[in-house]
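# Report on the structure
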Amino acid sequence: QVQLVESGGGLVHTGGSLRVSCAASGRAFSRYAMGWFRQAPGKEREFVAAISVSGGIKYYADSVKGRFTISRDNAKNTTYLQMNGLNPEDSAVYYCAAGPYPTSGSGGYPYWGQGTQVTVSS
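Please read all numbers here as calculations on a predicted model, not as lab measurements.

### Some words on the overall build of the protein
Counting secondary structure elements, the protein contains 0 helices and 11 strands. Moving toward the C terminus, one meets the helices and strands of the protein in the order β-β-β-β-β-β-β-β-β-β-β. Here the protein has a C-alpha radius of gyration of 13 Å; the compact-globule value for 122 residues is 14 Å, and the two agree. When its C-alpha atoms are laid out on the principal axes, the protein stretches across 40 × 25 × 25 Å. The buried share among the 122 residues of the protein stands at 43%. Contacts spanning at least 24 positions in sequence make up 57% of the contacts within the protein whose residues lie at least 6 apart. Within the structure as shown, the protein displays about 6,000 Å² of accessible surface, and the carbon and sulfur contribution to it stands at 49%. Put simply, the protein has 11 plus and 7 minus side-chain charges, and the middle of one group is 9 Å from the middle of the other.

Here you go:
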């Protein structure tokens, strides 16, 4: 299997920035598309961003487009989510996931990390 471990979450003020990371181990990272999802208390898990195996295709939720950037470094077996212009509505546990294609549906990703907390104060 593929093991995914997120890091980089924390507490920031409105307008601040964070970069969360997802390090992969196990089977070849470069064979998988990667996605980022988030879930706030009492809310459904929602799609944030996805990136193709080669990194050439990227998708973003409308709510984060222009503020967040997904990237990957296959040599380091790591994918990143750079988050700028954060607001309290971005507060959630952020999860990375690995799957065959960069889709917005959580069901398309067989492998998931444990999540990292991002809190944005007003």
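### Notes on the sheet that holds strand S8 (residues 78-83)
Pairing in this open sheet of 4 strands is antiparallel, and the strands run S1-S3-S8-S7 from one edge to the other. Two strands in the sheet have a free side with no partner beyond their single neighbour: strand S1 (2-7) and strand S7 (68-73). Strand-to-strand, the axes of this sheet are offset by a mean angle of 15°, without reference to chain direction. Pairing geometry for S7 and S8, over 6 bridges, is antiparallel.

### Details of the pattern of salt bridges
Applying the stated rule across the entire model yields 4 salt bridges. A salt bridge links Arg-38 to Asp-90, with the shortest nitrogen-to-oxygen separation between them at 2.9 Å. On the criterion of sequence distance, the pair formed by Arg-38 in strand S4 (residues 33-39) and Asp-90 in the loop between S8 and strand S9 (92-99) is long-range, its members being 52 residues apart. When its relative accessible area of 5% is taken as the criterion, Arg-38 is described as buried.

### Re the nonpolar core
Formed by 33 residues in total, the largest nonpolar core has its most connected members in Leu-4, Trp-36, Val-48, Phe-68, Leu-81, Met-83 and Tyr-94. Put simply, the parts of the chain that give this core at least two residues each are S1, strand S3 (18-26), S4, strand S5 (46-51), S7, S8, S9 and strand S11 (116-121).

About the criteria used
- Residues numbered from 1 in each chain as written.
- Predicted model: local features only at pLDDT ≥ 70, side-chain atom pairs only at ≥ 80, totals over all residues.
- Heavy atoms only, no water.
- Helix = DSSP H or I, 4+ residues; strand = E, 2+ residues; numbered from the N terminus.
- Rg over C-alpha atoms; globule rule 2.2 N^0.38 Å.
- Buried < 20%, exposed > 50% of the residue type's maximum accessible area, 1.4 Å probe, protein only.
- Contact = heavy atoms within 4.5 Å.
- Areas by Shrake-Rupley, 256 points an atom, 1.4 Å probe, with all protein chains shown as cover.
- Lys, Arg positive; Asp, Glu negative; His and termini not counted.
- Charge placed at Lys NZ, Arg CZ, Asp CG, Glu CD.
- Pairing = 2+ DSSP bridges.
- Axes fitted to C-alpha atoms, helices over the stretch in contact; angles between N-to-C directions.
- Salt bridge = Lys/Arg side-chain N within 4 Å of Asp/Glu carboxyl O.
- Core = buried A, V, L, I, M, F, W, Y, C linked by side-chain atoms within 4.5 Å.

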